[in-house]
Amino acid sequence: MKHVVNSSTLRSVILGSALASLAILIGYALLSVTPTSAQQTAPSPQIWTVPEIGALPNDAASQQVRRGRDLITATYAHVGPEVADPAKRFAGNNLACANCHLDAGTKKFGIPLFGLFWMFPEYTARDGGEITLEDRLNNCMMRSMNGRPMPNDPPEMQAIVAYIKFLSTGVAPGEVLSGLGVGRMPELDRAADPARGKTVYATACLACHNTDGSGIRRSLPTTDLGYMIPPLWGSDSFNDGAGMARLITAANFIHFNMPHGADYLHPQLTLEQAWDVAAYVISQPRPRKAGLDKDFPNLLEKPVDTPYGPYADGFSEQQHKYGPFAPIRAAIARLKAEKGGAAPAPR
């Protein structure tokens, strides 16, 4: 006897079998499926941020860090020329380290102090050898602060070192954070012009730094309360051996930080204005540091904007001070090639 199956029943059997097979295939696919997109995405690299000094406990080590920050922000009150104890008068002017190292050394391209601890000891062309962090701090003390070197053992030096180490929290040895130094903007193809810079100074700087560049004291000059606005030249300013007395340093610092409220994302001066007003500032009288001829024993490593000789390249002090710098760099590169390229590229 033959079994008769109608077409409707046959279609149902075939469809059911196909659906069962499809379900099995989907099950296998689900078992082998890759993780979700959220699981697949690699975690974002951790962004380093300045550590919060206010979150430190109230122990001796944390107090030392806080004292180091105070020494940066109110240097004049602790080691300035008018403090009560003559033995503590290491700085020769009433500036604060934070006048150059902005926001207590935490502002990007405001010559920050963060991430620097593990960079030392390091070679410097100015010294012609390796220096420690304490040596570097004393370079500032003798040049920017126009003073005398501080020994390594006083609590003031140890506190500053502790603060800089704290600002390197979370930075691995050899890691270089972004935002160090003063930034780097394009250079002019002409000499920077102090006369043009005087006009820029009158409109953008004079209201804070005074007509004679003397800044604004916090109180009478007989006290050690420092400046609300630092002097840019004159007897209580940085000397001619300081980094800020060099045009490239000064112009970039001004462009990325001045006038008040500017930063590297929101500069307020044009490139030409920054170069010219920097030229005006460094053209003004300031204390002179003895022995500058001994800086940069290898003259081929001397920065092109060093405003004092001797030089190896044959260009004048005037051009080294105001530029243009491209011809100087070309001459130094040629001299290095003749010597065998032993020295690094000029800055």
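In case you missed it, the structure is sitting above this.
As the structure is a prediction and not an experimental result, all values here were calculated from the model.

Rules behind the numbers
Residues numbered from 1 in each chain as written. Predicted model: local features only at pLDDT ≥ 70, side-chain atom pairs only at ≥ 80, totals over all residues. Heavy atoms only, no water. Axes fitted to C-alpha atoms, helices over the stretch in contact; angles between N-to-C directions. Helix = DSSP H or I, 4+ residues; strand = E, 2+ residues; numbered from the N terminus. Parallel < 35°, antiparallel > 145°, perpendicular 65-115°, else oblique. Contact = heavy atoms within 4.5 Å. Nonpolar A, V, L, I, M, F, W, Y, C, P; charged D, E, K, R; others polar. Core = buried A, V, L, I, M, F, W, Y, C linked by side-chain atoms within 4.5 Å. Buried < 20%, exposed > 50% of the residue type's maximum accessible area, 1.4 Å probe, protein only. Salt bridge = Lys/Arg side-chain N within 4 Å of Asp/Glu carboxyl O.

J.: How should I be thinking about the packing of helix H8 (residues 194-204) against helix H11 (residues 271-282) in this particular structure?
T.: Two quantities define a packed helix pair, namely the angle between the axes and the distance from one axis to the other. The interhelical angle for the contact between H8 and H11, taken along N-to-C directions, is 100°, at an axis separation of 7 Å. Classified by the angle their axes make, H8 and H11 are roughly perpendicular. For the pair H8 and H11, contact is made by Pro 194, Arg 196, Gly 197, Lys 198, Val 200 and Tyr 201 and by Glu 272, Gln 273, Asp 276, Val 277, Ala 279 and Tyr 280, respectively. Here the contact of H8 with H11 is composed, by residue class, of six nonpolar, two polar and four charged.

J.: Help me out: how do you make sense of the nonpolar core in this one?
T.: Residues Tyr 201, Met 244, Leu 247, Trp 275 and Val 277 are the most contacted members of the largest nonpolar core, which totals 39 residues. Taken together, the elements giving at least two residues each to this core come down to H8, helix H10 (247-257), H11 and helix H13 (326-339). When residues in this core are grouped by element, the largest group, eight residues, is from H11. Apart from residues lying up to four places away in sequence, Val 277 is in contact with Gly 197, Val 200, Tyr 201, Cys 205, Ile 254 and Leu 269. Among the nonpolar cores identified, the runner-up in size contains 33 residues, and Val 79, Ala 98, Phe 114 and Met 141 belong to it.

J.: Please clarify how the pattern of salt bridges should be interpreted in this entry.
T.: When the charged atoms of two side chains with opposite charge come close together, those side chains can pair. Applying the stated rule across the entire model yields eleven salt bridges. A salt bridge links Asp 276 to Arg 190, with the shortest nitrogen-to-oxygen separation between them at 2.9 Å. Here Arg 190 lies in the loop between helix H7 (155-166) and H8 and Asp 276 lies in helix H11, a separation of 86 residues in the sequence. Accessibility classification places Asp 276 together with Arg 190 in one group, the buried group. One salt bridge connects Asp 193 with Arg 196, and the closest N-O pair in it is separated by 3.6 Å. According to the relative accessible area criterion, Asp 193 is partly exposed, its value standing at 25%.

J.: Would you explain the environment of Ala 91 in this entry?
T.: Of note, Ala 91 is situated in the loop between helix H4 (75-79) and helix H5 (102-105). Separated by 16 residues in the primary sequence, Ala 91 and Thr 75 have C-alpha atoms spaced 7.9 Å apart. Filtering out sequence-adjacent residues up to four positions away, Ala 91 remains in contact with Val 79, Gly 80, Pro 81, Met 141, Met 145 and Gly 147.

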